[in-house]
Structures are given as structure tokens and as C-alpha cells.
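One-letter residues, chain by chain:
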Amino acid sequence: MGDPNPIPSPNAETSTSTSTTPSSSATAVLPPPPPPRPHLSLVQPSHKKKHKPIKVFRVFRSVFRSFPIITPACRFPYFPSGFPDGNRISSSSRVTGTIFGCRRGRVTLSLQEDPKCLPMLVVELPVATNVLQKEIRGGMVRIALECEKRAEKDKTKLMEEPVWTMYFNGKNSGYGLKREAEEEDLSVMEVLRPVSMGAGVLPGKTGVEGPDDELAYMRAHFERVVGSKDSETLYMLSPNGDSGPELSIFFVRI
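Chemist: Sorry if this is basic, but what is going on with the packing of aromatic side chains here?
Modeler: Going through the model one piece at a time under the given rule, you end up with two aromatic pairs. Geometrically, the ring pair formed by Trp164 and Phe251 is edge-to-face, given 5.4 Å between the ring centres and 80° between the ring planes. Linking Trp164 in strand E5 (residues 163-168) with Phe251 in strand E10 (residues 246-253), this pair joins segments that are 87 residues apart in sequence. Grouping residues by exposure puts Trp164 and Phe251 together as buried. Note on Tyr235 and Phe250: the rings are 6.4 Å apart at their centroids and 80° apart in plane angle, and the pair reads as edge-to-face. Taken together, the positions of Tyr235 in strand E9 (residues 231-237) and Phe250 in strand E10 put the pair 15 residues apart, joining distant regions of the chain. Tyr235 sits in the partly exposed class, given a relative accessible area of 37%.

Structure (C-alpha cells):
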């Protein structure tokens, strides 16, 4: 006759404890889902064509962002008359320009046909936002973005150049980089959609409190003057024609 109270084997204990594990993990609290992306109501500009980003420039951008920001120390009150075809204006138009970025981060320039359109040009500039703000408050600011001329058969448009050497009030500040508009850029443009002109700050997204986390912006109308296929200039227009801060941005192939 067998033992009426058999001793359970170690394997049976292991099997029992293992079978209870899934029920304990099933009660674990899952993290909340990420917030939904904001709906974008921006529309395509009239002449915008979609371009797929080239991988080599994405790699260059990651290296470019690791460079230190050089703070310019001199002022450049005017540009020489040696820019190519500077006296032959072929066309001009008005565009919306937005300069924005975290106070101690690199500043971004975005150009739109109007505030309701997607950006037609986004350039990341090698200067800190707070430095640019200080210079603009001081008065005249000149930014020159230069690149090398291409062969005559090359049909690359001036505003499609991927890399620029930037001169900020006459001082070489590093490299500016054209890139596709990212999610953060589009979010800023969507928030500023009702704003035609103005300046202010937006809350940051890094979770770090303080003024350095705020995203500062300045939006204005710019007169876009096309001198030739190798030179264009953006002149910031002050509201009501008053003598406000002066900002000019030159794009030139030399």
C-alpha cells in the first residue's frame, strides 16, 4: 500500500512557481503611450518639389552638430561691391522668414511663401540663438552664406546647395547646412501659423526648466531679391517702415 501523504518532488515545486510568474507580470503597470503628434495644417508651397534626403548629407549633419559654436567678435557694417552680378536684379518677391532655436543652441532659418505654407528652405546656422538675438538688438546684422560655383552644365539651384560657409558680421563662423524640415521644425511653424510678424519664446520640450530650455523665435517679412543664378539676398522688412533692427542675409556662389 502506498504512502497516503506523498512528499512533493522538487520538480513539482519548480513547475508550480513557474506557472504563477505570468500572472504576476501581467499586473505590471505599463508606461503611458506617447502623446499624439499635432495635426499639421500647413500646405505645400506653389513651386515646392519633394526631394529625398541624401544619406551622405545626413551623416555630415550629425558631424556638423558636434562642432563647437564659434562666437563672432567683430562687426561688418557693409559688404563690398564685389559680389557677382550684384547690380543686376532680375526679380524680387516677399517671403516669410523665421529664425528660431533654444537660447544656447544653434539657430535655424526657415523660409516660407507665407505662414500657412510648409517651409521651402531650412538652414541650420553655426551661431547660438542668444548671440544672434543680442546682435539684432544692437542694430545692423549681416549674414553671408557662400559656396563654390558649379560647372556651367550643373543645374543645381542656388537655394538647393547643401553646405554653406557662413560669415556673421564679417567673421567666419563655420558651416551652415541646408536640410529637410524635421518634426520639431514643422511643430514650430504650426504653432506660429497665425503669426505674420513678431518675436517671443515658446516652451521647450527637453523637460529642463529655465530660460535655456525656452525656444526663442523672430518672424518677419523679407524681401527676396534675385540678382542672378549665383546670388540672392533677403532683406528684413520692418513693420510700418520704421527704423527697427536691420537684418540682411546673402546667398552667393563665388
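Chemist: Could you clarify how one ought to interpret helix H3 (residues 129-138) in this entry?
Modeler: Residues lying three or four places apart along an α-helix face the same way, a consequence of the helix completing one turn every 3.6 residues. The set of residues buried in H3 consists of Thr129, Val131, Leu132, Glu135 and Ile136. Looking straight down H3, one finds its buried side chains confined to an arc of 160°; they lie on one side. Summarising the geometry of H3, the exposed residues directed more than 90 degrees from the buried face are Lys134, Arg137 and Gly138. Where H3 ends, the next residue or the one after it, Gly139, has phi of about 135°, a positive value.

Chemist: Which parts of the structure should I look at to understand the pattern of salt bridges?
Modeler: Proximity of charged atoms lets side chains of opposite charge pair with each other. Inspection of every chain in the model, using the stated rule, returns 11 salt bridges. Here Asp154 ties to Arg150 by a salt bridge, and the two come within 2.9 Å at their closest N and O atoms. With relative accessibility at 31%, the residue Asp154 sits in the partly exposed group. Salt bridges sharing common partners tie together Lys149, Arg150, Asp154, Glu161, Lys229, Asp230 and Arg253.

Reading the values: rules and limits
All chains use their own residue numbering, which begins from 1 and follows the written sequence. The predicted nature of this model means local features are confined to residues of pLDDT at least 70 and side-chain atom pairs, given and counted, to a pLDDT of 80 or more, with totals for whole chains, interfaces and linings taken over all residues. Think of the side-chain values as coming from all heavy atoms in the structure, minus any hydrogens and water. In this analysis, rings of Phe, Tyr and Trp, with Trp reduced to its six-membered ring, are considered paired at centre separations within 6.5 Å, and the interplanar angle assigns stacked below 30 degrees, edge-to-face beyond 60, and tilted for intermediate values. Numbered from the N terminus, helices here are DSSP runs of H or I no shorter than four residues, and strands are runs of E no shorter than two. Only protein chains enter the area calculation, which uses a 1.4 Å probe; residues under 20% of their type maximum are buried, those over 50% are exposed, and those in between are partly exposed. Note: the arc covers the axis-to-C-beta directions of the helix. The salt bridge criterion pairs a side-chain nitrogen of Lys or Arg with a carboxyl oxygen of Asp or Glu, the two atoms within 4 Å.

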